[in-house]
Amino acid sequence: MREEALPCGVNPSVEASLEGYSIEVMPRTAQNIEEFRSLLPKGTRVYIAHIEGTPIKDMVATTRRIATEGYPVMPHFPARFIKDAATLKNWIAMYQGEAGVEQALLLAGGLSKPKGAFHSSMQLMETGLFDRAGFRRLHVAGHPEGNRDIDPDGSMKNINDALRWKQKFSESSDAEMALVTQFCFEAGPVIAWADNLKKAGINLPIHVGIAGPARLQTLIKFAVACGVGPSLKVLQKRATDVSKLLRPYEPTEVIRDIAEHKMICPGSNITNVHFFPLGGIKANATWAIKNGGESTRPANQS
């Protein structure tokens, strides 16, 4: 696919895909941003990543701060970090009481051994606490390139069984649900995965994880640590080209290819872009502003 750029350098497919994008931050990265309204468009969903060792009070404080700036916030609830149902209930109460949270990303959490009673997002949903608390939206993790922690044999069996369970749960829950994927560097595996899910009757909207602009060495480090699958070869190939090695990676190509697939297949369940700002929040937001037209204009400029 050849890129037909507008005179200003903005690719129309990329521009269309960036409308309604979301972004992920951590308390330690968020504290470096003086004002999110100078970077993010009004209404941007901001995920608050809960990394092991981050105190819940820091998570809540960051969530409250970003919500106060007017953004819908979606904190992570990593199952393997949570001791028991009482702790989960307390976290929900803190987030709602201090930041008015109505959305959550539920995930296993990446630890090999749970710290308490929960080991999966399904167990968190089974408590019924999110529905009883009136959460309007629940997102869960998607793995287009597999996950060795879930399927050690390299298959997709356990992942797909879990997705079928989550599809069924979504049909009985009052909350809107969606899948948000691990970041990837190639459109093909994501598109094939999304198409196969739809054929299997799994119709949850897919928010595709995209690594924001960053130095190539930074991306390779995160990709290896996070278990990114076959699309890692895109970075490895780029690393052999000295001219590209010296330039920051930008996600233009993968977003463009996904956008063009959606144009050809308007019934695709791929709906949104979700950024992992591995090169920094400001760099990611600036790239989105440059490539996204009016839909990515910062809130304080609207």
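Located above this text is the structure these notes cover.
Rules used throughout
Residues numbered from 1 in each chain as written. Predicted model: local features only at pLDDT ≥ 70, side-chain atom pairs only at ≥ 80, totals over all residues. Heavy atoms only, no water. Helix = DSSP H or I, 4+ residues; strand = E, 2+ residues; numbered from the N terminus. Buried < 20%, exposed > 50% of the residue type's maximum accessible area, 1.4 Å probe, protein only. Pairing = 2+ DSSP bridges. Right-handed = clockwise from strand over helix to strand, strands pointing away. Axes fitted to C-alpha atoms, helices over the stretch in contact; angles between N-to-C directions. Contact = heavy atoms within 4.5 Å. Core = buried A, V, L, I, M, F, W, Y, C linked by side-chain atoms within 4.5 Å. Phe/Tyr/Trp six-rings, centres within 6.5 Å; stacked < 30°, edge-to-face > 60°.

(A) Layout of the environment of Gly293. Mapped onto the elements, Gly293 comes out in the segment after α13 (281–292). Given a relative accessible area of 28%, Gly293 falls into the partly exposed group. Sequence separation between Gly293 and Glu19 is 274 residues, and the spatial gap between their C-alpha atoms is 8.9 Å.

(B) Just the pairing of strand β3 (residues 73–78), in detail. Of all 6 residues that make up β3, 6 are buried, and the element is covered over most of its length. Of the two faces of β3, the one holding Val73, Pro75 and Phe77 and the one holding Met74, His76 and Pro78 are both buried throughout. Pairing of strand β2 (residues 45–48) with β3, which is carried by 3 bridges, proceeds in the parallel orientation. Looking at β3, one finds that Tyr47 is bridged to Met74. Handedness of the β2-helix α3 (residues 56–68)-β3 crossover: right-handed.

(C) Region of the structure containing the sheet that holds β2. Spatially, β1-β2-β3-β4-β5-β6-β7-β8 is the arrangement adopted by the 8 strands of the closed barrel, whose pairing is parallel. Across the sheet, the mean angle from the axis of one strand to that of its neighbour is 30 degrees, orientation sign disregarded.

(D) The environment of Lys83, seen in detail. Assignment of secondary structure puts Lys83 in the loop between β3 and α4 (85–99). Of the residues examined, Lys83 reaches a relative accessible area of 57% and is grouped as exposed. Every residue in contact with Lys83, bar those within four places of it in the chain, is listed here: Gly116 and Ala117.

(E) Broad picture of the environment of Gln182. Relative to the elements of secondary structure, Gln182 occurs in the loop between β6 (176–181) and α8 (187–199). In sequence terms Gln182 and Pro144 are 38 residues apart; their C-alpha atoms lie 7.6 Å from each other.

(F) How the structure looks around the nonpolar core. Phe77 and Phe130 are the most contacted members of the largest nonpolar core, which has 76 residues in total. Looking at which element gives the most residues to this core, the answer is α8, with 6 residues.

(G) Here's a closer look at the packing of aromatic side chains. Going through the model one piece at a time under the given rule, you end up with 10 aromatic pairs. Ring geometry for Trp165 against Phe169: centres 5.6 Å apart, planes inclined by 10 degrees, an arrangement best described as stacked. Note that Trp165 and Phe169 are positioned in helix α7 (residues 157–170) at a spacing of 4 residues, about one turn of the helix. You can call Trp165 partly exposed: its relative accessible area is 28%. A residue is classified by how much of its surface remains accessible, and Phe169, at 13% relative accessible area, is buried.

None of the figures reported here should be taken as evidence of function without further support.
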